[in-house]
Amino acid sequence: MNQRPEGIDLAARSRARRRALQALYAWQLSGSHMNAVIDQFRHEQDMEVADLEYFEDLLHGVEKHIDAIDESLKPYVDREVGQIDPIERAALRLAAYELKYRPDVPYRVIINEAIEVTKRFGADHGHSYVNGVLDKLAGVLRTTEKRG
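Just so it is clear, the structure is predicted and the values come from calculations on it, not from any experiment.

Novice: Honestly, the side chain of D70 in this entry has me stumped. Any pointers?
Specialist: Topologically, D70 is positioned in helix 4 (residues 66–73). A distance of 2.7 Å separates a polar atom in the side chain of D70 from a polar atom in the side chain of R93. If near-sequence neighbours (up to four positions away) are discounted, D70 is found in contact with V81 and R93.

Right, dumping it as structure tokens:
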């Protein structure tokens, strides 16, 4: 099993991020209430093997801090956050939330996961854009960790 000593199942966390990206994408496009989107995804088949608590934390966290997240992304994107491709925007918002509000998760893990989900669901070179933005953001939000 792929677990860290703290008992965190890394594979389940990875699946939670993947599902959270899809849920955030749906939320961005539908304008539905986040709880409705979470309920819809909670009943999906592979949620049984995902870290449901982390999935919900990611989505509620992005919803709660959306203005601060978008503001933190602004200096590193080449257009308004709302004009970024919806998959890339969802990946950036999820990762920015983790970088800003989940210091328990190493920044390299956050960036790598964001790149992987963008490769899987996004445009051909979207992962390069996401990587560039998040690397700069991590340099500001995780200065000590990145230096070490």
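Novice: Please explain the environment of D39 as it appears in this structure.
Specialist: With respect to the helices, strands and loops of the structure, D39 is situated in helix 2 (residues 34–42). On a C-alpha basis, the gap between D39 and E56 in space is 9.9 Å, while along the polypeptide they are 17 residues apart.

Novice: How do you make sense of the pattern of salt bridges when you look at a structure like this?
Specialist: Two side chains carrying opposite charge are able to pair once their charged atoms lie near each other. Summed over the entire model, instances satisfying the criterion amount to eleven salt bridges. Residue E56 is joined to R42 by a salt bridge in which the shortest nitrogen-to-oxygen separation is 2.6 Å. Taken together, the positions of E56 in helix 3 (residues 52–64) and R42 in helix 2 put the pair 14 residues apart, joining distant regions of the chain. Using a relative accessible area of 32% as the deciding quantity, one classes R42 as partly exposed. Of the charged contacts, one joins R79 and D78 as a salt bridge, the two residues approaching to 2.8 Å between their closest N and O atoms. Residue classification places R79 among the partly exposed residues on the basis of a relative accessible area of 32%. Judged by relative accessible area, which is 57%, D78 ranks as exposed.

Novice: I would appreciate a short explanation of the nonpolar core in the present structure.
Specialist: Generally speaking, nonpolar side chains in soluble globular proteins are found buried as a group. Ranked by internal contacts, the top residues of the largest apolar core, which has 44 residues, are L24, F55, L59, L73, L92 and L134. Counting residues per element, the ones that place at least two in this core are helix 1 (10–30), helix 2, helix 3, helix 4, helix 5 (86–101), helix 6 (107–121) and helix 7 (126–141). Per-element accounting of this core gives the leading share, nine residues, to helix 5. Not counting residues within four places of it along the chain, the set of residues in contact with L59 comprises A20, A23, L24, M34 and I38.

Conventions and cut-offs
- Residues numbered from 1 in each chain as written.
- Predicted model: local features only at pLDDT ≥ 70, side-chain atom pairs only at ≥ 80, totals over all residues.
- Heavy atoms only, no water.
- Helix = DSSP H or I, 4+ residues; strand = E, 2+ residues; numbered from the N terminus.
- Polar contact = N/O pair within 3.5 Å; in protein donor to acceptor, adjacent residues only side chain to side chain.
- Contact = heavy atoms within 4.5 Å.
- Salt bridge = Lys/Arg side-chain N within 4 Å of Asp/Glu carboxyl O.
- Buried < 20%, exposed > 50% of the residue type's maximum accessible area, 1.4 Å probe, protein only.
- Core = buried A, V, L, I, M, F, W, Y, C linked by side-chain atoms within 4.5 Å.

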